[in-house]
Amino acid sequence: MGDKSIQPVFILPENTRRESGKSAQRLNIAAGKLVGETVRTTLGPKGMDKMIVDASGDVIVTNDGVTILKEMGIEHPAAKMIVEIAKTQESEIGDGTTTAVVLAGELLKRAEELLDQEIHPTVIARGYRLAAEKALEFLEQIAVKVTVENKDILHSIAETAMTGKGAESAKKLLSELTVKAILKVKNANKIDRYSIRIEKQVGGSVEDSELIEGLVIDKEKVHSQMPDRIENARIALINAPLEVKSTEMDAKIQISDPERLQSFLDMEEAMIKKIVTKISGTGANVVFCQKGIDDMAQHFLAKKGIYACRRVSKSNLEDLSKATGAKIVMNVDDLSENDLGTAGIVEQVKTAEDEAMTFVRECNKAKTVTILVRGGSDHVIDEIKRALEDAVGDIVAALKNNKVVAGAGGPEMDIAQKLLVYADSLSGREQLAVRAFAQSMEVIPRTLAENAGLDPIDMLAELRNAHSKKEVNAGINVFSGKIMDAWKEGVIEPLSIKTQAISSATEVAIMILRIDDVILAGPEIQSQSKTI
Ligand code: ADP
Ligand code: MG
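Parameters and conventions
- Each chain carries its own residue numbering, running from 1 in the direction its sequence is written.
- Here the convention is simple: chains get letters from A, ligands get numbers from 1, in the order in which they are written.
- Only residues with pLDDT of at least 70 get local features here, since the model is predicted, and only at 80 or more are side-chain atom pairs given and counted; chain-wide, interface and lining totals rely on the full set of residues.
- Side-chain numbers come from the whole structure's heavy atoms, not from hydrogens or water.
- For two strands to be treated as a pair, DSSP must find no fewer than two bridges joining them.
- Runs of H or I in DSSP of at least four residues are treated as helices and runs of E of at least two as strands, each being numbered from the N terminus.
- Angles run from 0 to 180 degrees between N-to-C directions of axes, and those axes are lines fitted to C-alpha atoms, restricted for helices to the stretch in contact.
- Only heavy atoms enter the contact rule, under which two residues are in contact if any of them lie within 4.5 Å.
- Exposed residues in this analysis have more than 50% of their type's maximum accessible area, buried residues have under 20%, and partly exposed residues fall in between, with area computed by a 1.4 Å probe over protein chains only.
- Here a polar contact is taken to be a pair of N or O atoms separated by no more than 3.5 Å, where protein atoms must pair a possible hydrogen donor with a possible acceptor and residues adjacent in sequence count only if both atoms sit in side chains.
- Only buried Ala, Val, Leu, Ile, Met, Phe, Trp, Tyr and Cys residues count toward a nonpolar core, and they belong to the same one when joined by side-chain atoms within 4.5 Å.

Caption draft 1: Representation of the sheet that holds strand E18 (residues 492-494) in the model. With respect to topology, three strands assemble into an open sheet ordered E4-E15-E18, the strand pairing being antiparallel. Each end of this open sheet is capped by a strand with a single partner; those strands are strand E4 (144-145) and E18. Where strand E15 (residues 403-406) and E18 come together, three bridges link them in antiparallel fashion. Bridging across to E18, Val405 finds its partner in Glu493.

Listed below in structure tokens is the structure:
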């Protein structure tokens with residue numbers, strides 16, 4: 001050997017941090033479990049809320065899993081992976097984000113116990129995969145068919161989504177609005193969740209919330225002389241400024257002769273007049289313009305009795321097009337009668353803060369509708385809005401594959417029991433992983449009980465008992481502390497809320513388990529790679 005002694009080899013830059021082997025795994029699991037623990041207390045009708053204050057001092061009070069996690073600004077890489085599944089759940093369904101995250105946390109916790117028993121992560125992963133596949137099968141077995149005809153079920157789905165949230169106090173009304181909205185926008189049984197807009201108006205109470213067959217645009221009329229209300233509205237959507245072209249205005253024009261100045265101004269006026277005459281010539285009595293409308297154009301539009309809004313966003317213009325049937329026109333010269341859309345009423349409504357919004361009502365062919373949420377404060381309305389979004393998402397999800405299940409912890413207990421039977425058919429170590437998965441499923445009913453201040457051990461024993469007697473709809477009544485028939489009590493959820501939560505929780509748990517090396521690039525490297 002002598003002078004050929006081995007030098008340490010560095011393949012990574014100096015400021016790279018690295019955790020490998022067991023410690024990497026344990027740290028990741030700990031982070032994942034922590035995320036689960038964080039949102040756990042919010043699960044279910046008796047779950048608590050969280051208050052999050054962001055860097056600028058804005059306050060959010062919410063019970064919504066994904067909102068909490070997004071706003072917390074989580075940085076740990078493994079924890080972020082869990083946040084991602086909440087986001088996926090949110091974009092796929094809208095609801096069930098807490099469930100997905102709590103499940104993932106529990107799967108990691110049980111996996112850790114298996115690791116302590118020297119079971120290899122790949123064995124756990126295989127067992128978890130087998131179990132998840134079976135779980136989805138078992139769920140299919142207890143699922144019940146639902147169609148748009150089953151209005152009672154749709155109401156129950158909406159109410160279940162809103163129970164215990166800010167929307168609780170008016171959940172009857174709000175679920176009615178939700179179902180009505182769904183039936184309105186359904187298009188040959190296909191429903192786009194985003195064709196139901198949820199808008200807020202501070203002032204009044206939740207009970208004043210209403211369904212508008214059309215849209216609410218957060219703009220007021222541009223000129224006070226314009227009418228406040230137009231019946232039988234004929235609507236033009238224009239994506240061009242209604243003003244003398246800015247280039248012509250910007251050019252420096254030196255006019256010394258007052259007469260020539262007058263003729264210049266006259267010319268301008270004539271141009272604007274021409275534009276307005278063109279618009280009113282088509283029969284339009286309402287104009288939504290994506291660009292500006294200058295003073296003179298406002299004046300002439302008002303004189304013609306036309307209601308106009310300016311700087312309406314592109315997405316609003318697109319939704320207006322869907323709701324009223326109007327075509328968006330890029331050039332006023334091209335505007336014709338055929339481009340106009342219709343609405344029963346367009347009107348300006350004053351809101352609490354001395355501002356006004358424009359309501360476009362009675363769009364008969366509306367493929368976009370709006371649930372206008374009223375309430376005492378921004379915080380209250382925002383939380384109601386989130387609950388309503390869950391309700392809409394759940395009904396759309398239920399009608400997508402026409403399947404629902406009873407909730408209240410029942411499905412998870414059902415899966416747990418069937419998985420334990422299934423586990424017996426497996427050999428050795430995988431059996432342990434499937435058992436761990438089965439026990440993980442029980443975290444949902446256990447947490448529902450805990451959050452309701454009930455004794456989790458008793459409640460789980462009773463629930464287990466009911467399910468072993470094939471009462472597949474047995475769930476926890478968090479209000480009475482008894483076992484109930486969740487279906488009869490109207491606690492109903494889309495099947496896909498459960499399948500999505502189980503699939504993504506399993507995936508992320510496995511992914512975290514399989515990591516044995518965490519390499520944190522130093523800040524310079526991170527910033528370099530960002531600029532690439
Ligand atoms: P998530 O973000 O996962 O949707 P929630 O706080 O909305 O979390 O809680 C959902 C859980 O609450 C589900 O397991 C559901 O079955 C249960 N749940 C909803 N309504 C009731 C009820 N009335 N009684 C018992 N459990 C309920
Ligand atoms: Mg929910």
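The rest of the description comes next.
Caption draft 2: Layout of the sheet that holds strand E6 (residues 210-212). Spatial strand order, E5-E14-E6: three strands in an open sheet with mixed pairing. Of all the strands in the sheet, just strand E5 (196-202) and E6 have a single pairing partner and so form its edges. Across the sheet, the mean angle separating the axes of adjacent strands is 25 degrees when strand polarity is ignored. Sheet topology note: the E6/strand E14 (residues 369-375) ladder contains three bridges and is antiparallel. Each bridged residue has a counterpart across the sheet, and for Leu211 the counterpart in E14 is Ile371. Contacting E5, E6 and E14, helix H7 (residues 171-185) crosses the sheet at an angle of about 165 degrees to E14. Together, E5 and E14 form the strand contacts of helix H12 (residues 378-401), whose direction differs from that of E5 by roughly 165 degrees.

Caption draft 3: Main features of the pairing of strand E16 (residues 474-477). Summarising the sheet, E16 and strand E17 (residues 482-485) pair through four bridges and their orientation is antiparallel. Looking at the pairing, Ile476 lines up with Ile483 of E17.

Caption draft 4: Expanded view of the environment of Ile384. Of note, Ile384 is situated in helix H12. Judged by its relative accessible area of 0%, Ile384 falls in the buried class. Separated by 13 residues in the primary sequence, Ile384 and Ala397 place their C-alpha atoms 20 Å from one another.

Caption draft 5: Here's a closer look at helix H15 (residues 443-451). Of all nine residues that make up H15, eight are buried, and the element is covered over most of its length. Of all the positions in H15, only Val443, Ile444, Pro445, Arg446, Thr447, Leu448, Ala449 and Asn451 are classed as buried. Residues of H15 that are buried make contact with helix H1 (21-40), helix H4 (97-116), helix H13 (410-424), helix H14 (428-441), helix H16 (456-468) and E16. Just downstream of H15 lies Gly453, where phi reads positive at about 75 degrees.

Caption draft 6: Inspection of the side chain of Thr163 at higher detail. In this fold, Thr163 is placed in the loop between helix H6 (151-162) and H7. Among the polar contacts made by the side chain of Thr163, one reaches the side chain of Lys171 at a distance of 3.4 Å. Beyond its immediate sequence surroundings of up to four residues, Thr163 is in contact with Pro45, Glu168, Lys171 and Phe479.

Caption draft 7: Focus on the nonpolar core. Core analysis: the largest hydrophobic core is formed by 73 residues, its most contacted members being Ile82, Tyr128, Leu419, Phe437 and Ile502. Aside from chain neighbours lying at most four places away, what touches Tyr128 is Leu107, Arg110, Ala111, Ala433, Ala436, Phe437, Ser440, Thr506 and Ile510. Counting 36 residues, the second largest nonpolar core, distinct from the first, contains Val148, Ile153, Val202 and Leu388.

Limitation: the analysis is restricted to geometry and does not speak to function.
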